[in-house]
Amino acid sequence: MRDSTRRALERAAELTRNNHFVEAMATAEPVILAADEYESGEIRQWLTDHADDFTREA
């Protein structure tokens, strides 16, 4: 996964934890939509592995 994609997902997790859902989607959606088939798989795996990043207390 590209570093820029990972950073966008990490930022989206941070925004979600802070109840900034619209901003989180605006951050994550473009990189998810731009991903090719290979990177999409990596993104799915990262989201599965880091689900707690989106839900733990800020």
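Residues numbered from 1 in each chain as written. Predicted model: local features only at pLDDT ≥ 70, side-chain atom pairs only at ≥ 80, totals over all residues. Heavy atoms only, no water.

A.B. asks: I tried to follow the packing of aromatic side chains on my own but got confused; where do I start?
C.D. replies: By convention here, two paired aromatic rings are described through the distance between centres and the angle between planes. In the structure shown here, the tally under the stated rule is one aromatic pair. A ring pair is formed by tryptophan 46 and phenylalanine 54, whose centres lie 6.3 Å apart and whose planes are at 85°; its orientation type is edge-to-face. Looking at tryptophan 46, the relative accessible area reads 9%, which means it is buried. (Phe/Tyr/Trp six-rings, centres within 6.5 Å; stacked < 30°, edge-to-face > 60°. Buried < 20%, exposed > 50% of the residue type's maximum accessible area, 1.4 Å probe, protein only.)

A.B. asks: How should I be thinking about helix H2 (residues 21–34) in this particular structure?
C.D. replies: Residue pairs three or four apart in sequence face the same way in an α-helix, which turns once every 3.6 residues. Taking 1.5 Å as the rise per residue, H2 with 14 residues should run 20 Å; its terminal C-alpha atoms sit 20 Å apart, in good agreement. The sharpest bend along H2 reaches about 30° and sits at alanine 28, with the proline proline 30 one to four residues further on. Taken as a whole, H2 has its buried residues at Ala24, Ala28 and Val31. Here the buried face of H2 lies against helix H1 (3–17) and helix H3 (37–49). (Helix = DSSP H or I, 4+ residues; strand = E, 2+ residues; numbered from the N terminus. Expected span 1.5 Å × (residues − 1). Bend = angle between axes of the 7 residues up to and from the residue. Contact = heavy atoms within 4.5 Å.)

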